[in-house]
Amino acid sequence: MSVRYHGRDVDPIEPLNEMVAEVVKHGVECRLRPERGDFLITSGAWAERMRISYDNGRGMFVAEVITYGENEWRQAGFLPPTSSARYFAQRVFR
């Protein structure tokens, strides 16, 4: 199985690895969960409440959050999907 990422067919973990590297540059800790196709933010304000995945159909990274008092994941409305790991990480963790 492969995903389309920046015009190439790559292993599904490659986009996530790139995003994890960008997130870590901003001092944020996370846990890669390749079996789920995402990673979980484990430090800061979004610790255990934000996960980021790569949506192959749209070719974009998508953040989902659980807000306080809720128990279901939903797409983060304040963070539109984007195909750039660097831009995505800068918008969220800067």
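Source: prediction; values computed, not measured. (Residues numbered from 1 in each chain as written. Predicted model: local features only at pLDDT ≥ 70, side-chain atom pairs only at ≥ 80, totals over all residues. Heavy atoms only, no water.)

Points about the pattern of salt bridges
- Going through the model one piece at a time under the given rule, you end up with eight salt bridges.
- The partner of Arg 4 in a salt bridge is Asp 9, and the shortest N-O contact between them spans 3.2 Å.
- Residues Asp 38 and Arg 33 are paired through a salt bridge, measuring 2.9 Å at the closest nitrogen-oxygen approach. Each member of the pair, Asp 38 together with Arg 33, is buried. (Salt bridge = Lys/Arg side-chain N within 4 Å of Asp/Glu carboxyl O. Buried < 20%, exposed > 50% of the residue type's maximum accessible area, 1.4 Å probe, protein only.)

Regarding the packing of aromatic side chains
- One pass over the structure, following the stated rule, counts four aromatic pairs.
- Aromatic pair Tyr 5 and Tyr 54: ring centres 5.3 Å apart, planes at 90 degrees, arrangement edge-to-face. With a gap of 49 residues between them, Tyr 5 in strand E1 (residues 3-5) and Tyr 54 in strand E5 (residues 50-55) connect regions that are remote in the sequence.
- In this structure Tyr 54 comes out as buried when scored by relative accessible area, which is 13%.
- With 6.1 Å between their ring centres and 85 degrees between their planes, Tyr 5 and Phe 61 make a pair best called edge-to-face. (Phe/Tyr/Trp six-rings, centres within 6.5 Å; stacked < 30°, edge-to-face > 60°. Helix = DSSP H or I, 4+ residues; strand = E, 2+ residues; numbered from the N terminus.)

Overview of the nonpolar core
- Met 19, Ile 52 and Phe 93 are the most contacted members of the largest nonpolar core, which totals 23 residues.
- Element by element, the count of residues in this core is highest for helix H2 (residues 85-93), at five residues.
- In contact with Ile 52, other than residues within four places in its own chain, are Leu 16, Met 19, Asp 38, Phe 39, Ile 41, Phe 61, Val 62, Ala 63, Phe 88 and Phe 93. (Core = buried A, V, L, I, M, F, W, Y, C linked by side-chain atoms within 4.5 Å. Contact = heavy atoms within 4.5 Å.)

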